[in-house]
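This is what each chain is made of:
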Amino acid sequence: MKQLIRNEKLRNIAIIAHVDHGKTTLVDSMFKQSGLFRIGQEAQERIMDNMDLERERGITIAAKNCAVIWNQIKINIIDTPGHADFGGEVERALSMADGALLLVDASEGPLPQTRFVLKKALEADLKIIVVINKIDRKDARPDEVLDEIYDLFIDLGASEEQLDFPLLYAVGRDGIAQKTLEEKGKNIHILFDTILQQIPGPVYDPKEPFQMLVSDLGYSDYLGQLATGKVSNGKVRSSDRLVCIDADGKNLPLKVSKLQIYAGARLEPVDIAEAGDIVVLAGIDEVKIGDTICTKEFPKALKRIIVDEPTVSMRFAANTSPLVGKEGKIVQSSKIRERLVKETLRNVAIKIEETEEKDTFLIKGRGEFQMAILIETMRREGFELCVGRPEVIFKYEDGKKLEPIEHLFIECDENFLGIVAEKLSMRKGKMTNLVNNGKGRVRIEFSVPSRALIGYRDELLTDTKGTGIINAYFSGYESYRGDFPMRFNGSIVSDRPGNAVAYALFNLEPRGELFIEPGDPVYEGMVIGEHNRDNDINVNACKEKKLTNMRASGKDENVTLAPIKAMTLERAIHFIGEDEMVEVTPKSIRLRKTVLSAQKRYAGSKKKSEITTCIPAMRA
């Protein structure tokens, strides 16, 4: 019988929270009050958000590690993303944790992404500490939020032991934590004490040799590939000769060139690491997330990390527009493929598949937002590429077509309830709950197909005049609910190359909303606007006013155009139809037809209509 021992010198804790509930700010306060920074030392805000995209958007995208010391006990803190689209990051992070800190906004309460991550933590049987944050808000309702948290735990099937969670109240921005609402907290020390008392130290078997599950990958220009994970059993020393057990059970020999552990947000080299600690091993080339690293003498694999299946796919292709190579450094399809393969190694939730077309790849993931972040990261690295519209991944069981379904939460002013319900019912959504708080706001819950939400977020903001808040989580697969129109308007398409002219755009404005300004380069097949009607039209955006000897050349040129709404990557992905793509470069986001030639598009649509009309005739 195994005799497990706890390492009481360590605590490994994951922090769970919805987007913008104050998770990263609370970690900042933990850093500052643990003595990590000396007195007077300047420390930047949101230390854990070290990616440019995270700082710009104010969200956590990648799970990250850090460590603080409290009462001579090391606390490894694992920062988890608050968005369900980054679920693969969550599952990786929780594989290293022995407990979790659930952070909930005192006004908003537990939201869908909180539910998603908490479900994973409860399934992993982690000890949970609940912290109700932002109790200083004017609209704070901590007692009601606590009831909602209990309801959420019960709904997720928590055991009696898990329901008896320790509770704290906090103002993360001010670095204050307290046990009751009546107390006046002075610091965050009580949070550290609660972690040490309530979160168990990591367990290990003293008889087992060294074992480590790879939970994260990194790369250093000096050290090469880096593998991060928690030491499950035994000890590891720098320069140890080990083996890596891959998904097929093969043993790949390796030698650790450098062993590092976390000290604050940085890594520091050590000679030896014990069971329970989170370590970073350097000098390992062929390693993937979920592999086990262990001793050469006693190779024994640990249970691999299992992530939920992807629900959305997108086509990534090399840029084939006439403007290719003018703004980006990396345009070759082989380089794009290499970068996407590298992403699949670092992110277990993303998968790549080859297609029949040589320069096109099918990328599968957890959501359109995850895809948008990957595309944005690539364009900042100098890539030029084209991406197609997100498509949901269907399943087939016993001849029945199944589709992914989302549980959708919408909060908006009660005046907009009608338009929201109407739009979602058109998209095969079913209302499951409606709550009116009597203060002019309503909270509506829907069961909707995942494909219905592609492009709907922008539409909701327009319909509710910016007052709508939307959140959703994946609830499972159900029978296909039928077809519905994804877009009611066609596209305004340029029919020739050149630069857009103000005179031409002024005359095109009555046709619909334009996406370009005078002077912007255009080419045949480029989508330059949204048509007012449901069909596409080909137009000349480069047309200049004809001059006569009766007019001065500058006469009538000073036309006033309506301001255009800047095209963001997310808006572009939501807008495009099945026969369109988004051209992404480091400097520009353009929309285009997949087939650029108007003649080929017309021939293709004519051929398609002929096939459609022939099928009923053949059946008759």
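Residues numbered from 1 in each chain as written. Predicted model: local features only at pLDDT ≥ 70, side-chain atom pairs only at ≥ 80, totals over all residues. Heavy atoms only, no water.

(A) Broad picture of the overall build of the chain. In terms of regular secondary structure, the chain is built from 14 helices and 37 strands. For the chain, the residues scored as buried account for 52% of the 620 residues in total. Across the chain, the fraction of contacts at a sequence separation of at least 24, relative to all contacts at a separation of at least 6, is 72%. Accessible surface for the chain amounts to roughly 30,600 Å². Of this, 49% is attributable to carbon and sulfur atoms. (Helix = DSSP H or I, 4+ residues; strand = E, 2+ residues; numbered from the N terminus. Buried < 20%, exposed > 50% of the residue type's maximum accessible area, 1.4 Å probe, protein only. Contact = heavy atoms within 4.5 Å. Areas by Shrake-Rupley, 256 points an atom, 1.4 Å probe, with all protein chains shown as cover.)

(B) Just the environment of Tyr523, in detail. Looking at where Tyr523 falls in the secondary structure, it is placed in the loop between β33 (521-522) and β34 (526-531). Spatially, the C-alpha atoms of Tyr523 and Ala541 are 9.5 Å apart, while their sequence positions differ by 18 residues. Setting aside residues no more than four positions away along its own chain, Tyr523 makes contact with Ser321, Pro322, Leu323, Ser494, Arg496, Pro497, Glu583, Arg590, Arg592 and Leu596.

(C) Fine view of the packing of helix α1 (residues 23-33) against helix α7 (residues 189-198). One can describe the packing of α1 onto α7 by two numbers: an axis separation of 10 Å at closest approach and a directional angle of 90°. Judged by the angle between their axes, α1 and α7 are roughly perpendicular. Between α1 and α7, the residues in contact are Leu26, Met30 and Gln33 and His189, Leu191, Phe192 and Ile195, respectively. Residues of the contact of α1 with α7, tallied by class, amount to five nonpolar, two polar and no charged. (Axes fitted to C-alpha atoms, helices over the stretch in contact; angles between N-to-C directions. Parallel < 35°, antiparallel > 145°, perpendicular 65-115°, else oblique. Nonpolar A, V, L, I, M, F, W, Y, C, P; charged D, E, K, R; others polar.)

(D) Helix α11 (residues 456-463), seen in detail. Within α11, the full set of buried residues consists of Tyr456, Leu460 and Asp463. The buried side chains of α11 occupy one side of the element, clustering within an arc of 65° when seen end-on. Where the residues of α11 are buried, they touch β26 (400-413), α10 (417-426) and β29 (469-479). (Arc of directions from axis to C-beta.)

(E) Quick look at empty space enclosed by the protein. Applying the stated criterion to the full structure yields one cavity of 30 Å³ or more. In this model, the largest cavity occupies a volume close to 60 Å³. Residues of the lining of the largest cavity, tallied by class, amount to four nonpolar, no polar and three charged. (1 Å grid on protein atoms, 1.4 Å probe; cavity = no way out; pocket = protein on both sides within 12 Å on 5 of 7 lines; lining within 4 Å. Points joined across faces, edges and corners; volume = space filled by probe spheres on them.)

(F) Quick peek at the pairing of β34. Counting buried residues in β34 gives five out of six residues, a clear majority hidden from the surface. Relative to β34, strand β30 (residues 491-494) runs antiparallel, the two being bridged by three bridges. Bridging across to β34, Val493 finds its partner in Val527. In this sheet, β34 lies alongside strand β32 (residues 512-514) in antiparallel orientation, the contact comprising three bridges. The residue of β34 that forms the bridge with Gly512 is His531. By the bridge criterion, two bridges tie β34 to strand β37 (residues 589-593) in an arrangement that is antiparallel. (Pairing = 2+ DSSP bridges.)

(G) Molecular detail of the packing of aromatic side chains. Taken as a whole, this structure holds six aromatic pairs when the rule is applied. Considering the side-chain rings of Phe394 and Tyr480, the 5.6 Å spacing of their centres and the 80° angle between planes classify their relative orientation as edge-to-face. Of this pair, Phe394 sits in the loop between β24 (391-392) and β25 (395-397) while Tyr480 is found in the loop between β29 and β30, placing the two residues 86 residues apart along the sequence. Here a set of aromatic residues connected by ring pairs shows up, and it is made of Tyr150, Phe153 and Phe165. Between Lys401 and the ring centre of Phe394, over which it is positioned, the NZ or CZ distance is 4.3 Å. (Phe/Tyr/Trp six-rings, centres within 6.5 Å; stacked < 30°, edge-to-face > 60°. Lys NZ or Arg CZ within 6 Å of the ring centre and 35° of its normal.)

(H) A look at the pairing of strand β27 (residues 430-436). As paired elements, β27 and strand β28 (residues 441-449) share six bridges and run antiparallel to each other. In the sheet register, Leu434 faces β28, and the bridge partner there is Ile444. The hairpin turn running from β27 into β28, its antiparallel successor, is four residues long, and Gly438 in that turn takes a positive phi close to 75°.

(I) Unusual backbone geometry, seen in detail. Despite not being glycine, Asn71 shows a phi value in the positive range, around 50°. Inspection of the secondary structure puts Asn71 in the loop between β3 (64-70) and β4 (73-79). A relative accessible area of 51% places Asn71 in the exposed class. With a phi close to 50°, Asp398 is a non-glycine residue in the positive phi region. Take Asp398: it is sitting in the loop between β25 and β26.

(J) Quick look at the nonpolar core. Counting 39 residues, the largest nonpolar core has Leu102, Leu118, Ile128, Val130, Ile132, Ile149 and Phe153 as its most contacted members. Among the elements of the structure, β2 (10-17), α3 (87-94), β5 (99-105), α4 (112-123), β6 (127-133), α5 (142-155), β7 (167-171) and β18 (278-282) are those that each provide at least two residues to this core. Sequence-distant contacts of Leu102, that is, excluding residues within four places in its chain, are made with Ile16, Thr114, Leu118, Ile128, Ile129, Val130, Val131, Ile149 and Phe153. Listed in part, the 29 residues of the second largest apolar core include Ile350, Ala372, Leu385 and Val493. (Core = buried A, V, L, I, M, F, W, Y, C linked by side-chain atoms within 4.5 Å.)

(K) Inspection of the side chain of Glu406 at higher detail. Locating Glu406 in the fold gives a position in strand β26. Under the relative-accessibility criterion, Glu406 is labelled buried at 13%.

(L) Here's a closer look at a negative patch on the surface. Together, Asp143, Asp147, Asp151, Glu182 and Glu183 make up a negatively charged patch on the protein surface. Counting through the fold element by element, Asp151 comes out in helix α5. (Patch = residues over 30% accessible without salt bridge, like charges linked within 9 Å, V, L, I, M, F, W, Y side chains within 5 Å. Salt bridge = Lys/Arg side-chain N within 4 Å of Asp/Glu carboxyl O. Lys, Arg positive; Asp, Glu negative; His and termini not counted. Charge placed at Lys NZ, Arg CZ, Asp CG, Glu CD.)

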